[in-house]
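Structure at a glance
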Amino acid sequence: MIFLRRQMPLLITLITGLVFAGQYYVPHPASEQMLTSVTKWLQIIGGFALILGVSSLFHVHAVKIRRKEAGWGYSLVLYASMVATIVVGLWANGKEAVDGTMTAFGWMYNYMMVPLQGTMFAILAFFIASAAYRSFRARSREAAVLLVAAIIVMMGRVPLGEYLIPLSGDVSQWILNVLNASVRRAILIGVSLGTVALSFKIIFGVERSYLGGGKE
Amino acid sequence: MPEIRRHSGAVVVGVLLCCCGLSGLSSSVSAQQPLAPPQDFRVLDTPSDGGGSLTLIWPPAPYDSKDVRYQVLLSDGTNTPDPSTFKVVTEFPSDSKYVRESKWPWWSRPAGPEQHQYTLKNGKGVELKDGAAYLVALAVVSGDRRAFTSAIQATPAPNWMNWNQINNLFLALLFGAIVFYAISVAKKRDIFLRRIPGLDAVDEAIGRSTELGKPILYLTGAHDMSDPSTIAAAVILGRVAKRAAGYETDLLVPHRDPITMAVCQEITKQAYLEAGKPDLFKDDANFFITTDQFSYTAAVDGIMLRKKPAANFFMGAYFAESLLLTETGASTGAIQIAGTDSDHQLPFFVTTCDYTLIGEELYAASAYLSREPIQVGTLRGQDIGKALILGVLAVGTVLATAGAVLDTQWPQLFLDVFKDVK
């Protein structure tokens, strides 16, 4: 059992890790075909995993409704809307429109789902304003630098700002192209090395806590 | 005298006419000279590719200019080897398509950088089948004149090794060797790790949750388990779960990906076992919400507002939802610790969270929290890798500056090597 729980997954990780790292250097169609097949396997596994996810969702909210936990009404709404979407989706064969006429499923998606998603995204504008207000209060030297840089960049990015402060366009470009880009590149170099190091650790079994912690 | 003047005038006119006539004759002769097609025209299977492609190589000619054009001619091999009957695949000015403009790095170029090259590929009316022989020729066109090279037979075939990317393999192996060397060193002696405030604050955040009797919220990001940042987030979850189990504090881990949820369930279970509190483990601590970005965000925001967790962890990869999540968390007064390699979201996390693990610090978290020599050694390996890259950047900067200041070409040779090896 220990072999199946520990050594076997590590062995699979080692072999597949090395094979697919090598696949990157092999342009032969056989290699491409292998990658395509494995990607399909992953999609199939993902499909089955979705069943796991949805059952988890149903279970969590069923418990909330049964125990009448705080906010259990929302769980009821979730159940009702999920069942309604499934029924309507099956009824319409998963099609949003038939012969140019919108189905109930399409109506639900276009007039309920899309506006709700848009609303969530739109809230971002207000959150940016509140977050900016909090960070730009020049309480420390770093915050003051942030504030000045932000004002210059904001002025340089809009026509009115550049009209009022003509130099702001060039300075904001310099801030973005030199200061900002160099810091981003430094972060990306660190991230890339970290990614490669983590990949090595996983492939060679040095990092195995993703299997469920513990060292054996 | 007038007679002499008249005669001399006639002679001058005659000489001028003669000169004009001769020059006209000479230009007419040059116009009639036949065009010489390239002598060393070669056609080969494109190296380091997946097949379905042929590469044409030929030397530059004295007549190369934008007025003279090259035509690439192709036949499927069943026709007569007369190039004039071949299909014209493409046409371009003769002062273009050089090897130096191609994507081949210097170690895999099939010819010198000054040579012409053209790669014939499938598409745009061309269909090259692997293993089938084709006849390829080149025509030089100037005005209405056309000269042909002899037809050359070539067969496209797929290759088993992409030598153009061998630099990548070399650097990966070098970096791997450095990492394993650093691990062996770390096993023998202690290696200094700089303080990472965001990770020091993990205990503080869990302690605060315990004191307030409120849960800990932990997010693993937008990506699935194939992304290293999600794996790093799952690894940190193990450490956080172990401490949360020790303090007997509730843990909430909402997921966007069912596979990540299944993996994190195992990690959390193991953490509770290691903490000696298996009875406190709840199966539904890890739960799935949805794969949809904003639906997930709305659900997590709702959890934050209803359950008011005292500590929020945002680890892994994030997109536009980052600010929606962290700003809501900040409004509830929770301690917030973020860790991401999504550089475009870092400003939002830095602005709204108490602590942020920037980029590689996310990957360093496992080593920092465990202090195991193997993990710490990996970190040292990363630092040596960074030092190497910094060294190359410094040398490259000096060389580029020297080339510009001294107005010489030799630094460019080294810079080209760096560019190809990178």
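Residues numbered from 1 in each chain as written. Chains lettered and ligands numbered in written order. Predicted model: local features only at pLDDT ≥ 70, side-chain atom pairs only at ≥ 80, totals over all residues.

**Points about the overall build of chain A**
Along chain A, the regular secondary structure elements total 7 helices and 2 strands. What you see for chain A is a C-alpha radius of gyration of 26 Å, clearly larger than the 17 Å of a compact globule of 216 residues, by over 25%. Overall size of chain A, expressed as C-alpha extent along the three principal axes, is 65 × 50 × 45 Å. Classification of the 216 residues of chain A by burial places 14% in the buried group. Summarising the internal contacts of chain A: among those between residues at least 6 apart in sequence, 18% fall at separations of at least 24. (Helix = DSSP H or I, 4+ residues; strand = E, 2+ residues; numbered from the N terminus. Rg over C-alpha atoms; globule rule 2.2 N^0.38 Å. Buried ≥ 20, exposed ≤ 12 C-beta atoms within 10 Å, placed from the backbone. Contact = placed C-beta atoms within 7 Å.)

**Considering the packing of helix α4 (residues 104-136) of chain A against helix α6 (residues 293-307) of chain B**
Contact pair α4 of chain A / α6 of chain B: the axes reach a minimum separation of 9 Å and the direction vectors enclose 65°. Judged by the sense of rotation from one axis to the other, the crossing of α4 of chain A with α6 of chain B is left-handed. Residues Gln117, Met120 and Phe121 of chain A of α4 of chain A form the contact with α6 of chain B, whose own contacting residues are Phe294, Thr297 and Ala298 of chain B. Per-class residue counts for the contact of α4 of chain A with α6 of chain B are 4 nonpolar, 2 polar and no charged. (Axes fitted to C-alpha atoms, helices over the stretch in contact; angles between N-to-C directions. Left-handed = near helix turned anticlockwise from the far one by under 90°. Nonpolar A, V, L, I, M, F, W, Y, C, P; charged D, E, K, R; others polar.)

**With respect to the interface of chain B and chain A**
Each partner contributes residues to the interface: chain B has 62 residues there, and chain A has 52 residues. For the side of chain B that touches chain A, the element with the highest residue contribution is helix α5 (residues 258-274) of chain B, accounting for 11 residues. Taken together, the residues of the side of chain B that touches chain A break down into 32 nonpolar, 19 polar and 11 charged.

**Focus: the pairing of strand β7 (residues 145-148) of chain B**
All names here are of chain B. Bridge analysis of strand β6 (residues 134-142) against β7 gives 4 bridges, and the strand direction is antiparallel. For Ser142, the partnering residue across the bridge sits in β7 and is Arg145. Counted along the chain from β6 to the antiparallel partner β7, the turn is 2 residues long, and its residue Gly143 has a positive phi close to 60°. (Pairing = 2+ DSSP bridges.)

**Topic: the domain arrangement of chain B**
Annotation of chain B at the domain level lists domain 1 (42-154), domain 2 (163-182 + 376-421) and domain 3 (194-370). Centre-to-centre, using C-alpha coordinates, domain 2 of chain B lies 36 Å away from domain 3 of chain B. (Domains from an automatic or database assignment.)

**Considering the sheet that holds strand β2 (residues 53-58) of chain B**
Adjacent strands of a sheet pair through backbone hydrogen bonds, lying either parallel or antiparallel. Residue and element names in this part refer to chain B. Spatial ordering of the open sheet is given by β1-β2-β5, a layout of 3 strands whose pairing is antiparallel. The sheet is open, and its two borders are formed by β1 (42-45) and β5 (116-121), each paired with just one other strand. Strand-to-strand, the axes of this sheet are offset by a mean angle of 20°, without reference to chain direction. In the sheet, β2 pairs with β5 via 6 bridges, with the strands oriented antiparallel. Bridge pairing in β5 places Trp58 opposite His116.

**Details of the packing of helix α4 (residues 228-247) of chain B against helix α9 (residues 360-370) of chain B**
All names here are of chain B. Running from amino to carboxyl end, α4 crosses α9 at an angle of 30°, the nearest separation of the two axes being 8 Å. Between α4 and α9, the crossing angle belongs to the class labelled roughly parallel. Relative to α9, the crossing made by α4 is left-handed. Along its contact with α4, which presents Ser229, Ala232, Val235, Ile236 and Arg239, the element α9 presents Leu362, Tyr363, Ala365, Ser366 and Leu369. (Parallel < 35°, antiparallel > 145°, perpendicular 65-115°, else oblique.)

**Describing the confidence of the model for chain B**
Per-residue pLDDT for chain B has a mean of 88; in total, 91% of the residues score no lower than 70. Mean pLDDT values for the elements of chain B range from 44 in helix α1 (residues 2-32) of chain B up to 98 in strand β9 (residues 216-219) of chain B. (pLDDT = per-residue confidence, 0-100.)

**Regarding the sheet that holds strand β13 (residues 335-340) of chain B**
Residue and element names in this part refer to chain B. Taken together, 6 strands build an open sheet; the order of strands is β11-β10-β9-β12-β13-β14 and the sheet is parallel. Strands at the two margins of the open sheet, each flanked by one partner only, are β11 (286-288) and β14 (355-358). On average, each strand axis in the sheet is tilted by 15° relative to the strand beside it, whichever way the strands run. Where β9 meets strand β12 (residues 311-315), 4 bridges bridge the pair, whose relative direction is parallel. The partner of Tyr218 across the bridge, within β12, is Phe313. Lying over the sheet, helix α7 (residues 321-331) contacts β12 and β13, oriented at roughly 160° with respect to β13.

**Some remarks on the environment of Gln115 of chain B**
Residues and elements named next belong to chain B. Its place among the elements puts Gln115 in the loop between β4 (87-93) and β5. For Gln115, a count of 19 C-beta atoms within 10 Å corresponds to the partly exposed category. Sequence spacing of Gln115 and Pro278 is 163 residues, and the spatial spacing of their C-alpha atoms is 71 Å. Contact partners of Gln115, with chain neighbours within four places excluded, come to Ile57, Trp58, Pro59, Tyr98 and Val99.

**Quick notes on the environment of Thr220 of chain B**
Residues and elements named next belong to chain B. Within the secondary structure, Thr220 is located in the loop between β9 and α4. A sequence separation of 163 residues divides Thr220 from Ile57, and the C-alpha atoms of the two residues are 52 Å apart. Non-local contacts of Thr220, meaning those with residues more than four positions away in its chain, are made with Thr230, Ala233, Ala234, Leu237, His255, Thr260, Cys264, Met315 and Gly316.

**Observations concerning α9 of chain B**
All names here are of chain B. The buried fraction of α9 is high, at 10 of 11 residues. Regarding α9, the residues found buried are Glu360, Glu361, Leu362, Tyr363, Ala364, Ala365, Ser366, Ala367, Tyr368 and Leu369. The positive-phi residue at the C-terminal boundary of α9 is Arg371, with phi of around 60°.

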